[in-house]
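Spelled out, the chains give:
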Amino acid sequence: MVDPIISARGVDIFYDTKQALFDVDLDILPNKVTALIGPSGCGKSTFLRAINRMNDLIPSCRVSGSLTIDGQDIYDPAVDVVALRAQVGMVFQKPNPFPKSIFENVAYGLKIHKLSPSKSELQDRVEWSLQNAGLWNEVSDRLDQPGNSLSGGQQQRLCIARAIAVQPKVILMDEPCSALDPIATAVVEDLIDSLRKEYTIVIVTHSMQQAARISQRTAFFHLGTLVEFGDTKTIFTTPKDERTQNYITGRIG
Amino acid sequence: MENTHIVKKFDKNLDKLKARILEMGELVLHQVEDATAMLGAFDPVEVDRILQLDLTVNGLHKEVHDRAELLITRRQPLAVDLRQTLAPINIAGELERIGDHAKSTAKRGRILCRSSTEETVLEMIRQMSTKVQEMLFDVLIAYTNDDIELAAKVRMQDKEVDTLNKNLVKSVINILDSQASGNSESLIQLTLVSRNFERIGDHACNIARYVHQISTGEDLKASI
């Protein structure tokens, strides 16, 4: 049995007095794509954002229970959040390149984490990241152009390149294809599949078909609880819980 | 039994698919019944009518396929919905084969009418026919109501049909050995008809397995 890279035990999350997640136990296995699905407001994004402490930005948000990465408590006060986010990268729904050149977008994380001491090393790292994000061939001759001059799908792959540049262990993706057309979506999905050889990916998606296509494990959240978690094939063919069945088949529960 | 879909048309699409299968099932059930009647009392007009039904059955088979294809394209069904969409394609195939066996039976009535038939053997055939009609009727009810217990009952009955078929073959061999009958052609034809009913029983069992699979996701054929 492979040890989980991320492990949640009894995780409760509150926004002020409102509880958004209830007693979540969930293990994320390395080199797998884990999809988090469920209706809006079910807590899946809240859980995703808890993994790299994006919720710290919301003063009213409080997390209790145990959430660890490689056995280390993510919420230990001694944890350096910037270092944590180098280990746990994030890609958002809307591509959000910095208002800088393509090169600078990818080099940014390497610079702030001081991961590339020499200029040539920095260039190598940027090229490697763009290669692995499947973008190099499209941008290699215009690295000095603004990141936001690219198409939506290219911008999203630029954000993925930026995330992998610092060689995180885990990449969190919050509906990364919802703003993309089907072709750009297919390119990103193909990329996700090749990235899982090196990284662990946790993805929130509203597309059941996407979850079924790209993930190996699927977690279904409903009203703040983790209802069912297991192999993607099982969740989408023979879910155990009626709430899961109702959700994935679009039935009124 | 199940909750309805948010998209009401999804339920309508699935209902129509089911209705076409039941229509097909009812047709082939009559085909089997009517073909059996032709064994003892041949009527060329009636046999032609039974053979012609094949066109309607084939048309329905195609319609089931087209509807399922469109449903997959439009709704991308998952889990039980996907099984409710895919199973009809297979069930329609089984029903079409049953129709073919009914046709074959009706055609043999033409040959049987030329010579005297062995009444005891014919009676065994009628017994088999009654049994497989019962199985077919039950499996259609099981499909209508997602009733996996009734489907299990149908599967259990397959052995009875197999036994009837074996007994018939034995009886025919005995008669031929004792040379008590001069109508070997009709005996051989009846053996072939018996084989038709044995196959119909198998197809009814296959349908019963699909009924089980729709509700449970479990493929009984794979687990055997």
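Residues numbered from 1 in each chain as written. Chains lettered and ligands numbered in written order. Predicted model: local features only at pLDDT ≥ 70, side-chain atom pairs only at ≥ 80, totals over all residues. Heavy atoms only, no water.

### A few points about the overall build of chain A
The line we're drawing: Each helix corresponds to a stretch of at least 4 residues labelled H or I by DSSP, and each strand to a stretch of at least 2 residues labelled E; elements are numbered beginning at the N terminus. Here the globule rule is a power law, 2.2 Å times the number of residues to the power 0.38, and the radius of gyration is based on C-alpha atoms. Only protein chains enter the area calculation, which uses a 1.4 Å probe; residues under 20% of their type maximum are buried, those over 50% are exposed, and those in between are partly exposed. In short, Shrake-Rupley with a 1.4 Å probe defines the accessible areas, and a residue's cover is counted only from the protein chains shown.
Secondary structure summary: chain A contains 10 helices and 10 strands in total. For chain A, whose C-alpha radius of gyration is 18 Å, the value lies close to the compact-globule estimate of 18 Å for 253 residues. Expressed as lengths along the three principal axes of its C-alpha atoms, the size of chain A is roughly 55 × 45 × 35 Å. In chain A, which comprises 253 residues, the proportion classed as buried is 51%. Carbon and sulfur atoms form 51% of the exposed surface of chain A, whose accessible area is close to 11400 Å².

### Things to note about the sheet that holds strand β4 (residues 61-69) of chain A
Residues and elements named next belong to chain A. So the rule is basically this: We call two strands paired when DSSP finds no fewer than two bridges between them.
Strands sit in the order β2-β1-β4-β5 across an open sheet of four strands; the sheet is antiparallel. Of all strands in the sheet, those bounded by a partner on one side alone are β2 (18-28) and β5 (72-73). As defined by bridge partners, strand β1 (residues 6-15) adjoins β4 across eight bridges and the pair is classed as antiparallel. Within the sheet, the bridge partner assigned to Arg 9 lies in β4 and is Ser 66.

### Thoughts on the interface of chain B and chain A
Our working rule: Contacts were defined at the residue level, with two residues in contact if any of their heavy atoms lie within 4.5 Å. What counts as buried area is the accessible surface, traced by a 1.4 Å probe, that two parts surrender upon association, with contributions from both included. Whenever Lys or Arg places a side-chain nitrogen within 4 Å of a carboxyl oxygen from Asp or Glu, that contact is recorded as a salt bridge. Definition of a polar contact: a pair of N or O atoms within 3.5 Å, with one able to donate and the other able to accept a hydrogen when the atoms are protein atoms, and with sequence-neighbouring residues admitted only if both atoms are side-chain atoms. Polar here means any residue outside two lists: the nonpolar Ala, Val, Leu, Ile, Met, Phe, Trp, Tyr, Cys and Pro, and the charged Asp, Glu, Lys and Arg; Gly therefore counts as polar.
Taken together, the 15 residues of chain B in the interface contact 15 residues of chain A. When chain B packs against chain A, close to 1200 Å² is buried across both sides, 49% of that on carbon and sulfur atoms. Taken together, chain B and chain A are joined by one salt bridge. A salt bridge links A:Arg251 to B:Asp81; the nearest nitrogen and oxygen atoms lie 2.8 Å apart. The tally of links between chain B and chain A comes to 11 residue pairs in polar contact (both at pLDDT 80 or more). Considering every element that reaches the side of chain B that touches chain A, the biggest residue donor is helix α3 (residues 79-112) of chain B, with five residues. Considering only residue class, the side of chain B that touches chain A consists of five nonpolar, seven polar and three charged.

### Points about the pattern of salt bridges
Residues and elements named next belong to chain A. Under the definition given, this model contains 26 salt bridges over all chains. Two residues, Arg 196 and Asp 193, come together in a salt bridge whose shortest N-O distance is 3.5 Å. Overall, the relative accessible area of 25% leaves Arg 196 in the partly exposed class. Overall, Asp 193 belongs to the partly exposed group, its relative accessible area being 39%.

### Comments concerning the sheet that holds strand β7 (residues 170-174) of chain A
All names here are of chain A. For the record, the criterion: Axis angles are defined between N-to-C directions and span 0 to 180 degrees, where every axis is a line fitted to C-alpha atoms and, for a helix, only to the segment in contact.
The sheet built from six strands is open, its strands ordered β6-β7-β8-β3-β9-β10 with mixed pairing. Either end of the sheet is taken by a strand with one partner, and the two such strands are β6 (88-91) and β10 (225-231). Each adjacent strand pair in this sheet contributes to an overall mean axis angle of 20°, direction not counted. Note that β7 and strand β8 (residues 200-204) share five bridges and pair parallel.

### Some words on the packing of aromatic side chains
Quick note on the threshold: Centres within 6.5 Å make a pair out of two Phe, Tyr or Trp rings, where for Trp the six-membered ring is used; the pair is then stacked when the planes are under 30 degrees apart, edge-to-face when over 60, and tilted otherwise. Placement of a charge over a ring requires the Lys NZ or Arg CZ to be within 6 Å of the ring centre, with the centre-to-atom vector within 35 degrees of the ring normal.
Within this structure, the stated rule accounts for three aromatic pairs over all chains. Judged by centre distance (5.1 Å) and plane angle (25°), the rings of A:Phe220 and A:Tyr247 are stacked. Here A:Phe220 is found in strand β9 (residues 217-222), whereas its partner A:Tyr247 is found in helix α10 (residues 242-248), with 27 residues between them in sequence. Side by side, A:Phe220 and A:Tyr247 carry an identical accessibility label, which is buried. We note A:Arg217 situated over the ring of A:Phe229; from NZ or CZ to the ring centre the distance is 4.6 Å. For B:Lys18, the ring lying beneath its charged end belongs to B:Tyr143, and the centroid distance is 5.3 Å.

### Here we look at the layout of surface pockets
Heads up, the rule is: Of the grid points, spaced at 1 Å and generated over the protein atoms alone, those admitting a 1.4 Å probe that cannot get out make up cavities, while open sets with protein on both sides within 12 Å along at least five of seven lines make up pockets; any residue with an atom within 4 Å of a point is treated as lining. Grid points are joined across faces, edges and corners, and a volume is the space filled by probe spheres set on the points.
Taken as a whole, the largest pocket spans an internal volume of roughly 450 Å³. If you trace the largest pocket, you find 19 residues lining it, with A:Arg85, A:Gly89, A:Met90, A:Phe98 and A:Arg162 closest to the centre. Of all the secondary-structure elements, those providing two or more residues to the lining of the largest pocket are α2 (81-87), β6, α3 (102-112) and α6 (152-165) of chain A. Its residues assigned to classes, the lining of the largest pocket comprises 12 nonpolar, five polar and two charged. Here the second largest pocket defines a volume of roughly 340 Å³. What lines the second largest pocket is a set of 15 residues, and nearest its centre among them are B:Glu2, B:Asp15, B:Lys18, B:Gln84 and B:Asp146. If you list the elements that add at least two residues to the lining of the second largest pocket, you get α1 (8-40) and α4 (119-145) of chain B.

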